[in-house]
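Secondary and tertiary structure notes
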Amino acid sequence: MRPGGEETPALLLQGVGRRFGALAAVSDVSLAVARGERRAVLGPNGAGKTTLFNLICGDFPPTAGRVLLFGEDITALRPHHRARRGVGRTYQTSLLFNGLSVRDNLLVALRGARPGRFSWRLPPTADRAAAQLLAERVRIAALLDTPVAALSHGQRRQLEVGMALACEPRLLMLDEPAAGLSPVERPELVALLRSLPRDLTLIVIEHDMDIALPIADLVTVMKDGQVVVEGPPDRIESDPMVQAIYLGHGRSH
Amino acid sequence: MTPGTARWALPASLALLAVLALLPLAIPAFWTANILGRAIVYGIVAMSLTFLATYGGFVSLAQMMIAGTAGYAVAILVPGAVPSILGGVPYALAIPTGLLAATAMGLLVGLISVRTQGIYLLMITLSLGVGVHLFVQANIAWFNGYEGIRNVVGPEILGLPFRDTFVFYYTALATAALLYALVLYLVRTPFGLALQALRDNPRRVSALGYDAPLHRIAAFGVAGFIAGAGGILVTFYNIGISPGTIGLGATVNILVMSVIGGLGHPVGAFIGAVIFTLFDTFAADLYDRDRFNTLVGVVFLAIVLASPDGVLGMARRLRDALAPRPQGRADGIATSRAASAGPPASGNGA
Ligand SMILES: Nc1ncnc2c1ncn2[C@@H]1O[C@H](COP(=O)(O)OP(=O)(O)OP(=O)(O)O)[C@@H](O)[C@H]1O
Ligand SMILES: [Mg+2]
């Protein structure tokens, strides 16, 4: 608790906007995600959800507004500095290191936010053990030596999550983690998300309400680059605006 | 590299080293020094390019210039060089200085080109190479201009002159073997893994906490060190160094070696260097000297057309044809390039 009585939120966006030429992909988004909160972000295709993640992780700077991480203004920081401050994420389209094995992907992810990135010593046993553990958590331990290029879509998604966890982020952002997963893999993903440490702050973009709503404390709905509704899952599910969006555009994923 | 390739890499490398170590006992001295020895010293320079291209995805055309930086530094410092520029610095000190100079030049090239990729990287590294070449050619005080610096004979090793065929050959072979092992070791370390990650997906690397530009510059520094070692040996081999050593022709030769040998593994640089050296030495005998370059060009074009990934690629295809494996080829630079070629924020397709 800080002197003001309010605890600093894990993530605070103040009037954040991003234009691509004439297109306002994100405009005037303000939101606060509390420490340890699970937030789901919903919205139709092109609503600006992924762009919002890109702004938070620093792929490009916002054209308006400020991004604060645990009270620190990170708006001008480059991505690697944000990662070292605890921002971790996955990508809607898996961004893996295709020339490397699953193990090496995890080893790279493990070192990123820690010292020893330039180390000329073979990865220590601790790193290898951590990679093994992560692979078990996302259920790809049998594939550690497999080249990533040979993984199935579902396995790539699992590794995607494993790599984000490897950084031990304080704020974890998952971009449609369930997209393309099989009916068997989906409950596994939900179980994994439920098993995350309680002090981790989690933001999940997810079209599948069966996955998003059970784990979420709060839901933010975006449309045309703006936040249109925010509230607890039970209210969101019955919100006429949300129903219109999802019925109108179809749940295309 | 697939685990399948990795399993064979060590025994195959050791066997190759044994063959190269024993070969001079069976072949004429000319072959030892002017074919194998020469191929090895230029192969080291080519390997610095192969290292950058294979593991980082950076094709640098400045590697021969960086090699020459070390060569010139040694030539300027050592006693007995003609003309004597600084002179008087023993080889034991001059050689480390040369390596340091090449590493620094590698870092500088990496720094200058850090924002470029693909054809632009090619252009900027080529300009740096040509720029230094022209500067050296015009500068008399430090580099003796067009004529260069002669009589850089190399250190005595165990009391034997460096000019001795075997002293030269085994020093070159040992250096090459060490640097080759260094590369294969380095790519297993966090530094080397992150370099390969950078090749496959720079955006993800940054998002994981790596300072991608810094990492890239460091890789150019390592490549500079390797090129420098090659450059010093090239200087001893030629008993001196002149602007021609680092000119456009020499730069292209290094590129040709790397490419015909095949990117994908450091051994490709040496395979390419041997093929190149054989042709460079004997093509003139087989064919009208004036048209020699045409013949060399045609042969290399044929190799690259028949197998865009060089001799290594040919070998890989042969192996796969003889022993087909179900999971197919996952190694090779082309695969990873193609898979990471998408635009950065391609968030809409999944
Ligand atoms: N790098 C970019 N350059 C130009 N336009 C972009 C870029 N990234 C996103 N956009 C545009 O911004 C808008 C929002 O895209 P965004 O990917 O954020 O949507 P989304 O909510 O994640 O949608 P989806 O559910 O399809 O993933 C889209 O119109 C998209 O075309
Ligand atoms: Mg998206």
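Please read all numbers here as calculations on a predicted model, not as lab measurements.

Next up on the list: the overall build of chain A. A count of helical and extended segments in chain A gives 9 helices and 10 strands. If you line up chain A on its principal axes, its C-alpha atoms span 50 × 45 × 40 Å. Among the 253 residues that make up chain A, the fraction classed as buried is 57%. A separation threshold of at least 6 residues defines the contact pool for chain A, and within that pool the share at least 24 residues apart is 68%. Positive and negative side-chain charges of chain A, numbering 30 and 27 respectively, have mean locations separated by a distance of 7 Å.

The next point concerns the sheet that holds strand β9 (residues 218–223) of chain A. All names here are of chain A. Ordered by their spatial adjacency, 6 strands build an open sheet running β6-β7-β8-β3-β9-β10, and the pairing between neighbours is mixed. Edge positions in the sheet fall to β6 (87–89) and β10 (226–231), since each has one partner strand and no second. This sheet shows a mean twist of 20 degrees between the axes of neighbouring strands, independent of strand direction. Where strand β3 (residues 38–42) meets β9, 4 bridges bridge the pair, whose relative direction is parallel.

Attention now goes to helix α11 (residues 248–261) of chain B. Over its 14 residues, α11 of chain B runs 20 Å from end to end, which matches the ideal 20 Å to within 8%, given 1.5 Å per residue. Within α11 of chain B, the full set of buried residues consists of A250, T251, I254, V256, M257, S258, I260 and G261 of chain B.

A few words now on the coordination of the magnesium ion (ligand 2). Residues and elements named next belong to chain A. Protein-derived coordination of the magnesium ion (ligand 2) comes from T50 (OG1) and Q92 (OE1), at a distance range of 1.9 to 2.2 Å. Here the residue T50 occupies a position in helix α1 (residues 49–57), and Q92 occupies one in the loop between β6 and α3 (102–112), the gap between them amounting to 42 residues. Note on accessibility: T50 and Q92 belong to one class, buried.

This brings us to the sheet that holds strand β2 (residues 23–33) of chain A. All names here are of chain A. Reading across from one edge, β2-β1-β4-β5 is the order of the 4 strands in this open sheet, with antiparallel pairing throughout. Whereas interior strands pair on both sides, the edge strands pair on one side only; in this sheet they are β2 and β5 (72–73). Sheet analysis places strand β1 (residues 11–20) next to β2, joined by 7 bridges and oriented antiparallel. Bridge pairing in β2 links R18 to V26.

In this section: the packing of helix α4 (residues 91–112) of chain B against helix α10 (residues 212–237) of chain B. Two packed helices can be described by the angle between their axes and the distance between those axes. Residue and element names in this part refer to chain B. At their nearest, the axes of α4 and α10 sit 7 Å apart, and the two run at 140 degrees to each other. Between α4 and α10, the crossing angle belongs to the class labelled oblique. Between α4 and α10 lies a crossing whose hand is right-handed. Of α10, the residues touching α4 (which contributes Y91, I95, G98, L99, A102, T103, G106, L107, V109, G110 and L111) are I217, A218, F220, G221, G224, F225, G228, A229, I232 and F236. When its residues are assigned to classes, the contact of α4 with α10 shows 14 nonpolar, 7 polar and no charged.

Our focus in this paragraph is the side chain of Q196 of chain B. Within the secondary structure, Q196 of chain B sits in helix α8 (residues 190–200). Since its relative accessible area comes to 5%, Q196 of chain B is described here as buried. Setting aside residues up to four positions removed in sequence, Q196 of chain B forms contacts with L100 of chain A together with Y55 and V187 of chain B.

Residues and elements named next belong to chain A. On domain assignment, one finds that chain A holds domain 1 (1–86 + 170–253) and domain 2 (95–168). Computed from C-alpha coordinates alone, the two centres of domain 1 and domain 2 are separated by 25 Å. Across the boundary between the two partners, domain 1 contributes 16 residues, which contact 14 residues of domain 2. Between domain 1 and domain 2 lies a buried interface of about 1,200 Å² when both sides are counted; carbon and sulfur atoms form 57% of it. When residues of domain 1 are sorted by the area they lose upon contact with domain 2, R84, E188 and L192 head the list and together hold 36% of the total. In this assembly, domain 1 and domain 2 are joined by 1 salt bridge. A salt bridge links R139 to E188, with the nearest nitrogen and oxygen atoms 3.6 Å apart. At the boundary of domain 1 and domain 2, one finds 3 residue pairs in polar contact (both at pLDDT 80 or more).

Cut-offs and rules
- Position numbers for residues start from 1 in each chain and track the written sequence from start to end.
- Here the convention is simple: chains get letters from A, ligands get numbers from 1, in the order in which they are written.
- At least 70 in pLDDT is required for a residue's local features to be given in this predicted model, at least 80 for side-chain atom pairs to be given and counted, and no such filter applies to totals for whole chains, interfaces and linings, which use all residues.
- The side-chain quantities take in all heavy atoms of the structure and omit both hydrogens and water.
- Secondary structure elements follow DSSP: runs of H or I of four or more residues count as helices, runs of E of two or more count as strands, with numbering from the N terminus.
- The cut-offs for exposure are 20% and 50% of the maximum accessible area for each residue type, with area from a 1.4 Å probe on protein chains only; residues under the lower value are buried, those over the upper are exposed, and the others partly exposed.
- In this description, contact between two residues means that some pair of their heavy atoms is separated by no more than 4.5 Å.
- A residue counts as positive if it is Lys or Arg and as negative if it is Asp or Glu; His and the chain ends are not included.
- Think of each charge as sitting on NZ of Lys, CZ of Arg, CG of Asp or CD of Glu.
- A pair of strands is considered paired only if DSSP assigns at least 2 bridges between the two.
- Every angle, taken between N-to-C directions, lies between 0 and 180 degrees, and every axis is a line fitted to C-alpha atoms, over only the stretch in contact when it is a helix.
- Expected helix span is computed as 1.5 Å times (number of residues minus one).
- Here the term donor refers to an N, O or S atom within 2.8 Å of the metal (or 3.2 Å for Na, K and Ca), and because water is left out of the atoms, sites may appear incomplete.
- For this classification, under 35 degrees means roughly parallel, over 145 means roughly antiparallel, 65 to 115 means roughly perpendicular, and everything else is oblique.
- Put simply, a crossing is left-handed when the front helix is turned counterclockwise from the back one by less than a right angle, and right-handed when it is turned clockwise.
- Side-chain classes are defined by residue name, with Ala, Val, Leu, Ile, Met, Phe, Trp, Tyr, Cys and Pro counting as nonpolar, Asp, Glu, Lys and Arg as charged, and the others, Gly among them, as polar.
- Note that the domain bounds were set by an automatic or database domain assignment.
- As used here, buried area is the combined drop in accessible area, with a 1.4 Å probe, of two parts when they are placed together.
- We count a salt bridge whenever a side-chain nitrogen from Lys or Arg sits within 4 Å of a carboxyl oxygen from Asp or Glu.
- Any pair of N or O atoms that falls within 3.5 Å is considered a polar contact. Within protein, one atom must be able to donate a hydrogen and the other to accept it, and sequence-neighbouring residues count only if both atoms are side-chain atoms.

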